[in-house]
Amino acid sequence: QVQLVESGGGLVQAGGSLRLSCAASGRTFSSYAMGWFRQAPGKEREFVASISSSAVGTDYADSVKGRFTISRDNAKNTVYLQMNSLKPEDTAVYYCARARFSIPLGRSPNGFDSWGQGTQVTVSS
């Protein structure tokens, strides 16, 4: 079972930036697509972004498109989420997840089978 550990969360003012990292254990990181999700208090977990195993394909939620960038470094077993122009509505716990295949099959959490513990992102107005 892969272990995913997120880092990089924190408190930032609106308009600021943060970069989240997710380090994965094991030797098969480069074989799987990865994704980022977030969950705000009282809301369901929602898709943020995903990236295919080779990093050729990416997908973004409309709410973050143009502001967030997902990337990965397969040599370091790490996936990143660069978040710019942050808004108070971006406040949530952010989770990284490993997809079941090399290409994510949609944006549902059901398409991901391993999850990190989450990292809090708080954007103040």
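See the structure above.
Below you will find a few notes about this structure. Being a predicted model, the structure only gives us computed values, none of them experimental.

Topic: the overall build of the chain
- Within the chain one finds zero helices and eleven strands.
- Helices and strands in the chain line up, N terminus first, as β-β-β-β-β-β-β-β-β-β-β.
- Against the globule reference of 14 Å for 125 residues, the chain gives a C-alpha radius of gyration of 13 Å, in line with a compact fold.
- Each of the three principal axes of the chain carries a C-alpha extent, and together these read 40 × 25 × 25 Å.

Let's talk about the state of the cysteines
- If you walk through the whole model with that rule in mind, you get one disulfide.
- Paired by a disulfide, Cys 22 and Cys 96 hold their sulfur atoms 1.9 Å apart. Taken together, the positions of Cys 22 in strand β3 (residues 18-24) and Cys 96 in strand β9 (residues 92-99) put the pair 74 residues apart, joining distant regions of the chain.
- For Cys 96, a relative accessible area of 0% gives the class buried.

Description of the sheet that holds strand β7 (residues 68-73)
- Strand order across the open sheet formed by four strands is β1-β3-β8-β7, with antiparallel pairing between neighbours. In the strand order of this sheet, the two ends are held by β1 (4-7) and β7, each with one partner. Taken pair by pair, the neighbouring strands of this sheet meet at an average axis angle of 15 degrees, ignoring direction.
- Note: β7 against strand β8 (residues 78-83), six bridges, orientation antiparallel. Within the sheet, the bridge partner assigned to Asp 73 lies in β8 and is Thr 78.

A few points about the pairing of β8
- Most of β8 is tucked away: five of the six residues are buried.
- Here six bridges tie β3 to β8, and the two strands are oriented antiparallel to one another. Paired with Ala 23 across the strands is Thr 78, a residue of β8.
- Count of turn residues in the β7/β8 antiparallel hairpin: four residues, of which Asn 77 carries a positive phi of about 55 degrees.

Thoughts on the nonpolar core
- By size, the foremost hydrophobic cluster in this structure holds 33 residues, and its most contacted members are Trp 36, Leu 81, Met 83 and Tyr 94.
- Of all the elements, β9 adds the most residues to this core, at five residues.

So, the packing of aromatic side chains
- As enumerated under the stated definition, the model contains four aromatic pairs in all.
- Considering the side-chain rings of Phe 112 and Trp 115, the 6.4 Å spacing of their centres and the 55 degrees angle between planes classify their relative orientation as tilted.
- Counting every residue linked through ring pairs, the aromatic cluster contains Phe 37, Phe 47, Phe 112 and Trp 115.
- For the cation-ring pair, Arg 45 lies above Tyr 95, with the distance from its terminal atom to the ring centre recorded as 3.8 Å.

What to know about the side chain of Thr 78
- Structurally, Thr 78 is set in strand β8.
- Owing to a relative accessible area of 9%, Thr 78 belongs among the buried residues under this scheme.
- Separated by 2.8 Å, the side chain of Thr 78 and the backbone oxygen of Lys 76 make a polar contact.
- Setting aside chain neighbours within four positions, we find Thr 78 in contact with Ser 21, Cys 22, Ala 23, Phe 29, Arg 72 and Asp 73.

Conventions and cut-offs
- Residues numbered from 1 in each chain as written.
- Predicted model: local features only at pLDDT ≥ 70, side-chain atom pairs only at ≥ 80, totals over all residues.
- Heavy atoms only, no water.
- Helix = DSSP H or I, 4+ residues; strand = E, 2+ residues; numbered from the N terminus.
- Rg over C-alpha atoms; globule rule 2.2 N^0.38 Å.
- Disulfide = S-S within 2.5 Å.
- Buried < 20%, exposed > 50% of the residue type's maximum accessible area, 1.4 Å probe, protein only.
- Pairing = 2+ DSSP bridges.
- Axes fitted to C-alpha atoms, helices over the stretch in contact; angles between N-to-C directions.
- Core = buried A, V, L, I, M, F, W, Y, C linked by side-chain atoms within 4.5 Å.
- Phe/Tyr/Trp six-rings, centres within 6.5 Å; stacked < 30°, edge-to-face > 60°.
- Lys NZ or Arg CZ within 6 Å of the ring centre and 35° of its normal.
- Polar contact = N/O pair within 3.5 Å; in protein donor to acceptor, adjacent residues only side chain to side chain.
- Contact = heavy atoms within 4.5 Å.

Purely geometric numbers; function is a separate question.
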